[in-house]
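Each chain is listed here by its residues.
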Amino acid sequence: MGGPRADPNAAVEAAVTGAFRTEWGRIVAILIRMTGDWDLAEECAQEAFAAALTRWVTDGVPDRPGAWLTTTARNRAVDRLRRSKTEATKLKEVAALAVADEAAGPAGPDDSGVTDDRLRLIFTCCHPALTLEARVALTLRTLAGLTTAEIARAFLVPEPTMAKRLVRAKHKIRDAGIPYRVPPAHLLPERTNGVLAVLYLLFNEGYSASGGEDLLRPSLSAEAIRLGRLLASIMPDEPEAAGLLALMLLQDARSAARIDDTGELVNLEDQDRSQWDQAEISEGHALLEAALRRQHAGPYQIQAAIAACHADAATASDTDWAQIAQLYGRLRELVPSAVVELNRAVAVAMADGPRAGLDLIEALETGGALAGYFLLAATRADFLRRLERWEEAAESYRQALYQVATEPERRYLSKRLAEVGG
Amino acid sequence: MKYMLLMCGEEAPEDVAQTIPAAAPGEPDEPCWMPWAREMEARGVVLRDGAQLQSSRTATSVRASGSEVLVADGPFAETKEQIVGYDVIECADLDEAIYAASQHPVAQHGGVVEVRPILAS
């Protein structure tokens with residue numbers, strides 16, 4: 001008999017998996033525009049990928065897998081609508097759109113006047129009339145192609161709960177008349193902020209979980225970065241999109257050093273910087289510089305600049321804390337939040353000493369905005385510890401422990417408490 | 001699409017139709033929602049119906065079970081904020097309805113406007 005042969009199925013599977021990552025969102029977005037039916041769009045997209053798994057074995061992987069998949073999905077949709085005896089006028093509309101789309105070719109961000117449907121999709125997923133949880137789930141399902149089960153696991157909820165959340169969101173879109181479009185100019189700034197906020201929330205969920213045992217849920221941050229890349233590519237004129245991507249890359253670059261072998265949280269100043277991902281840092285830098293050149297600084301660009309300061313420091317003691325404190329000051333002008341002020345206090349303490357930081361903490365406590373937020377107590381504890389005010393530090397660490405939510409952070413605080421004799 | 005806008009707010013101590021001074025002397029004062037109504041019409045939002053309601057003090061709640069009718073004084077929900085008025089509008093989509101709601105005097109003065117799509121019959 002002959003020698004070993006390459007398994008055609010393995011090659012096809014790889015091609016389909018690869019195509020899924022890049023094409024799923026695009027196909028679903030196009031079908032929703034064409035049919036107005038979110039479930040139909042997902043089902044037809046699903047069927048196209050299933051068809052590819054068998055057809056590409058016999059016919060070979062097409063030169064343009066995306067085009068093949070889109071056409072297959074579109075034809076399936078028209079077919080399904082025909083069979084369900086859809087009203088003749090609606091069917092004609094859909095079929096006409098399919099023909100026009102096919103003639104136009106795959107839409108890209110360069111096609112003048114042709115909107116990437118994924119932009120319509122992401123703005124709709126992130127509409128303020130949907131709950132925040134729904135926005136996140138819908139974005140992951142329709143744009144990133146995560147299954148309901150995967151999303152449920154990522155957010156530590158039962159699958160039926162997540163399924164219901166997605167169904168409710170889609171029904172709300174349909175029943176309340178949420179339009180499938182990129183918002184008009186007067187709404188665009190606030191809606192863009194909404195989209196960026198959803199992506200950053202996703203990234204943070206993966207970067208430091210808000211509850212439970214694992215501090216890092218890597219797959220969510222990876223999805224957030226992927227979606228961030230997509231957003232930056234389809235919104236090339238929005239520097240905050242590039243700013244967000246830069247921020248996520250610069251923070252993600254540190255992820256390998258953030259947890260030690262025993263699963264303990266490693267403080268930024270103690271991290272082994274040789275484990276930082278230099279490729280991500282370079283990319284983050286490049287994106288940030290390009291964004292800043294547009295002279296339209298925004299919160300994400302500033303936060304990226306702060307992350308870049310950390311990334312630039314070869315060792316913790318090389319960190320330009322004065323610059324970071326200044327950046328937090330600028331950030332606070334744009335985003336007057338107590339959390340930003342807390343971060344500024346940390347930077348000021350590093351630049352000017354813990355006494356200066358403590359003054360800012362005390363002002364925050366008087367304000368009352370962060371009552372119950374464990375990082376306020378933990379930061380106060382840290383400053384007191386550095387001032388060698390041991391008993392006060394211990395009391396603050398105890399307060400923080402009462403408020404903390406994740407295991408690794410709890411262990412970290414317990415360790416500090418023991419250090420100050422508490 | 002058709003929506004009902006339900007205006008919810010803290011009720012005024014007295015039942016007086018809220019008005020704003022007329023634009024020109026000698027003209028009657030306008031209901032406070034009149035400038036809003038004009039803006040909506042200019043935008044293409046169709047106002048099908050609408051009214052300011054008398055206060056919840058004048059409300060009567062009615063329940064029925066067969067021939068038994070239960071009547072009680074007051075609104076069905078004893079909350080600080082009550083429905084003070086409503087509008088039925090027809091517009092392109094939820095974003096338009098949200099805009100209409102946001103511009104209404106009740107929303108602008110600390111109340112909340114619920115935007116509810118009307119079931120197509």
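Above this text is the structure in question.
Right, let's walk through the structure included here. (Residues numbered from 1 in each chain as written. Chains lettered and ligands numbered in written order. Predicted model: local features only at pLDDT ≥ 70, side-chain atom pairs only at ≥ 80, totals over all residues. Heavy atoms only, no water.)

## Comments concerning the interface of chain B and chain A
For an interface, size is often stated in terms of accessible area lost upon the parts coming together. The partner chain A presents 10 residues to the seven residues of chain B that form the contact. A combined buried area of about 640 Å² lies between chain B and chain A, and 55% of that area is made up of carbon and sulfur atoms. By the criterion of area lost to chain A, the three top residues of chain B are B:Asp93, B:Leu94 and B:Asp95, representing 66% of everything that side buries. In this structure, the salt-bridge partner of A:Arg181 is B:Asp93, at a minimum N-O distance of 3.9 Å. Between chain B and chain A we count five residue pairs in polar contact (both at pLDDT 80 or more) in total. Examining the composition of the side of chain B that touches chain A, we find that three residues originate from one element, helix α2 (residues 94-103) of chain B, more than from any other. Looking at the side of chain B that touches chain A residue by residue, the classes come out as five nonpolar, no polar and two charged. (Contact = heavy atoms within 4.5 Å. Buried area = accessible area lost by both parts, 1.4 Å probe. Salt bridge = Lys/Arg side-chain N within 4 Å of Asp/Glu carboxyl O. Polar contact = N/O pair within 3.5 Å; in protein donor to acceptor, adjacent residues only side chain to side chain. Helix = DSSP H or I, 4+ residues; strand = E, 2+ residues; numbered from the N terminus. Nonpolar A, V, L, I, M, F, W, Y, C, P; charged D, E, K, R; others polar.)

## Remarks on the side chain of A:Glu280
All names here are of chain A. One can find Glu280 in helix α13 (residues 278-292). For the buried residue Glu280, which engages in no salt bridge, the nearest side chain bearing the opposite charge is Arg229, 5.7 Å off. A distance of 3.3 Å separates a polar atom in the side chain of Glu280 from the backbone nitrogen of Ala253. (Buried < 20%, exposed > 50% of the residue type's maximum accessible area, 1.4 Å probe, protein only. Lys, Arg positive; Asp, Glu negative; His and termini not counted.)

## Notes on a nonpolar patch on the surface
All names here are of chain B. On the surface, Val62, Val69 and Val71 cluster together to form a nonpolar patch covering roughly 290 Å² of accessible area. If you trace the backbone, Val69 turns up in strand β6 (residues 68-73). Judged by its relative accessible area of 52%, Val69 falls in the exposed class. (Patch = residues over 30% accessible without salt bridge, like charges linked within 9 Å, V, L, I, M, F, W, Y side chains within 5 Å. Areas by Shrake-Rupley, 256 points an atom, 1.4 Å probe, with all protein chains shown as cover.)

## Description of helix α17 (residues 354-367) of chain A
Residue and element names in this part refer to chain A. Its 14 residues give α17 an end-to-end C-alpha distance of 20 Å, which sits within 8% of 20 Å, the value for a rise of 1.5 Å per residue. Against the buried residues of α17 lie α16 (338-352) and α18 (374-386). Once α17 ends, the next one or two residues include Gly368, with phi positive near 80°. (Expected span 1.5 Å × (residues − 1).)

## Regarding empty space enclosed by the protein
A full pass over the atoms with the stated rule returns one cavity of 30 Å³ or more. There is about 40 Å³ of room inside the largest cavity. What lines the largest cavity is simply A:Phe123, A:Thr124, A:His127, A:Ile178, A:Pro179, A:Arg181, A:Pro183, A:Arg191 and B:Asp95. Of the residues that constitute the lining of the largest cavity, the class distribution is four nonpolar, two polar and three charged. (1 Å grid on protein atoms, 1.4 Å probe; cavity = no way out; pocket = protein on both sides within 12 Å on 5 of 7 lines; lining within 4 Å. Points joined across faces, edges and corners; volume = space filled by probe spheres on them.)

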